[in-house]
Amino acid sequence: MKSEHSVGAVIDLRSDTVTQPTEAMRDAMARAEVGDDVYGEDPTINALEALAAERVGKQAAVFVPTGTMANVLAVMSQTQKGDEVVVETDAHIYGLEAGALATLAGTLPRPLATEWGHISAAQLESVLRPPDHHYAPTRLVCLENTHNRHGGTVATVEQVDDLAQAAHRHGLRVHLDGARIFNAAVALGVPAARLAAPADSVGFCLSKGLSAPVGSLLCGDRELIARARHFRKMLGGGMRQAGVLAAAGVVALEQMTDRLADDHRVARLLAEGLTSVPGVRVDMARVQTNMVRLDLEREARPFADLLRSRGVRVSVIGARRLRLVTHRHIVPEHVSIVVETFKTTLRV
């Protein structure tokens, strides 16, 4: 069988969601002790939830199939229908979750544009309105760390603290979409729990850079998670003997977080290599974790199709913008191949 790090015919840089489970995960899944999770009787899920809560410094956690479900449960558990939720304009929870904020949570998003993906305390306070029955009451602020659409940019501890403190001063709650919070923690050299500390809720994914096949966790205090379990059942997220899946998540948290630094190093090498390609512009300041966002002098979609035909898969995120994401299946040996493929394809 081909090694997980071998340089094969296809180099898939579309997302870190394409990662395959490790052999240790497959073994753990095969041996997992299971029970009915809706009754709270799956010991492997219970162990994963306890571990997840500990890793981000919260009282409790609930295992859900996806990051989108984690986010909508966080909103449903902390708002009422008709409430306003402050989000960043390019936030995943706002633009890439099929309208769940409005359709499922029944909330009104209030998008704020930023340069790097991170709402500041001053920016939040500048848009808060006085109490008035004409307005939807603002209840929740959502932040994203790392920020997907801004190229994997990281909000610092100070930025997260300042925003959360401002929100709490005005009686608002804070949800952290930490789908890649461990990437942010590794990049900053701080524990994930420190980044999550000021947030009332935090969700993170197991199935991205951590390589588990499926699953996310929503974490918070016990009361919030009890409400989230109710809404999880409402949305069809009660998965019964899902300890088979949770077993991979335990391995992910125990073995896969520190190695994210390797993905960051490869992303940097890739970005540096692509800066030498005519017709490609990379903002190196945004290459902070495992993503490379680049702009082209030509249309992105047909160019991405050409790359795919030559064995390199990337994501199109704008008319002339691509995103490349490194993960454990992408190693330094891939960089020169990708750079050369870009060069030859741009000549077509």
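Residues numbered from 1 in each chain as written. Predicted model: local features only at pLDDT ≥ 70, side-chain atom pairs only at ≥ 80, totals over all residues. Heavy atoms only, no water.

## What to know about the overall build of the protein chain
And then number 1: On a plain count of helices and strands, the protein chain comes out with 14 helices and 13 strands.
And then number 2: Relative to the compact-globule value of 20 Å for 348 residues, the protein chain shows a C-alpha radius of gyration of 20 Å, a close match.
And then number 3: Here the analysis covers contacts within the protein chain between residues at least 6 apart in sequence; of these, 74% occur between residues at least 24 apart.
And then number 4: Split by element, the accessible area of the protein chain, about 14500 Å² in all, is 51% carbon and sulfur.
And then number 5: Here the protein chain contributes 39 positively and 40 negatively charged side chains, and the mean placements of these two sets differ by 5 Å. (Helix = DSSP H or I, 4+ residues; strand = E, 2+ residues; numbered from the N terminus. Rg over C-alpha atoms; globule rule 2.2 N^0.38 Å. Contact = heavy atoms within 4.5 Å. Areas by Shrake-Rupley, 256 points an atom, 1.4 Å probe, with all protein chains shown as cover. Lys, Arg positive; Asp, Glu negative; His and termini not counted. Charge placed at Lys NZ, Arg CZ, Asp CG, Glu CD.)

## Describing the sheet that holds strand β5 (residues 138-144)
And then number 1: In spatial order, the strands read β2-β8-β7-β6-β5-β3-β4; together these seven strands make up an open sheet with mixed pairing. Each having just a single partner strand, β2 (60-64) and β4 (108-112) make up the two edges of the open sheet. For this sheet the average axis-to-axis angle between neighbouring strands, irrespective of direction, equals 20°.
And then number 2: When strand β7 (residues 201-205) meets strand β8 (residues 216-220), the two strands line up antiparallel, connected through five bridges. Across the sheet, cysteine 205 pairs through a bridge with serine 216, a residue of β8.
And then number 3: Set on the sheet, helix α2 (residues 43-55) makes contact with β2, β7 and β8; between it and β2 the angle comes to about 125°. (Pairing = 2+ DSSP bridges. Axes fitted to C-alpha atoms, helices over the stretch in contact; angles between N-to-C directions.)

## Structural notes on the sheet that holds strand β13 (residues 321-325)
And then number 1: Pairing in this open sheet of four strands is antiparallel, and the strands run β9-β10-β13-β12 from one edge to the other. At either margin of the open sheet sits one strand with a lone partner, and together these are β9 (280-282) and β12 (315-318). Going from strand to strand, the sheet's axes swing by 35° on average, the running direction of each strand aside.
And then number 2: When β12 meets β13, the two strands line up antiparallel, connected through three bridges. Bridge pairing in β13 places valine 316 opposite leucine 322.
And then number 3: Set on the sheet, helix α13 (residues 300-309) makes contact with β10 (291-296), β12 and β13; between it and β13 the angle comes to about 40°.
And then number 4: On the sheet, helix α14 (residues 332-346) packs against β9, β10 and β13 and is oriented at approximately 160° with respect to β13.

## Looking at the environment of leucine 188
And then number 1: Checked against the element boundaries, leucine 188 lands in helix α8 (residues 181-188).
And then number 2: For leucine 188, a relative accessible area of 32% translates into the label partly exposed.
And then number 3: Between the C-alpha atom of leucine 188 and that of glycine 171, which follows or precedes it by 17 residues, the distance is 29 Å.
And then number 4: If we ignore the near neighbours within four places in the chain, the residues touching leucine 188 are Val154, Ala155, Thr156, Val157 and Leu195. (Buried < 20%, exposed > 50% of the residue type's maximum accessible area, 1.4 Å probe, protein only.)

## Describing the pattern of salt bridges
And then number 1: Applying the stated criterion to the full structure yields 19 salt bridges.
And then number 2: Here arginine 240 makes a salt bridge to aspartate 36, at a shortest N to O gap of 3.2 Å. Here arginine 240, found in the loop between α10 (222-234) and α11 (243-255), pairs with aspartate 36, found in the loop between α1 (23-31) and α2; they are 204 residues apart in sequence, far enough to count as distant.
And then number 3: Its relative accessible area of 32% is what places arginine 240 among the partly exposed residues.
And then number 4: Assessed through its relative accessible area of 14%, aspartate 36 is described here as buried.
And then number 5: A single network of salt bridges, built from pairs that share partners, joins Asp12, Arg14 and Arg313. (Salt bridge = Lys/Arg side-chain N within 4 Å of Asp/Glu carboxyl O.)

## Description of the packing of aromatic side chains
And then number 1: Using the criterion set out here, one finds two aromatic pairs in the structure.
And then number 2: Geometrically, the ring pair formed by phenylalanine 303 and phenylalanine 342 is edge-to-face, given 5.4 Å between the ring centres and 65° between the ring planes. Pair noted here: phenylalanine 303 is in helix α13 and phenylalanine 342 is in helix α14, with a separation of 39 residues, a long-range link.
And then number 3: Taking relative accessible area as the criterion, phenylalanine 342 reaches 0% and is therefore assigned buried. (Phe/Tyr/Trp six-rings, centres within 6.5 Å; stacked < 30°, edge-to-face > 60°.)

## Comments concerning the confidence of the model for the protein chain
And then number 1: Averaged over every residue, the pLDDT of the protein chain is 96; the share at 70 or more is 98%.
And then number 2: Within the model, pLDDT remains below 50 along residues 1-5, and this stretch shows seven contacts once partners closer than five positions in the same chain are excluded. (pLDDT = per-residue confidence, 0-100.)

## Let's talk about the packing of α8 against helix α12 (residues 260-274)
And then number 1: Look at α8 against α12: their axes get within 9 Å of each other, and the N-to-C directions meet at 75°. Put simply, α8 runs roughly perpendicular to α12. Judged by residue contacts, Phe182, Asn183, Val186 and Ala187 of α8 engage Leu260, Ala261 and His264 from α12.
And then number 2: Of the residues contributing to the contact of α8 with α12, the split by class is five nonpolar, two polar and no charged. (Parallel < 35°, antiparallel > 145°, perpendicular 65-115°, else oblique. Nonpolar A, V, L, I, M, F, W, Y, C, P; charged D, E, K, R; others polar.)

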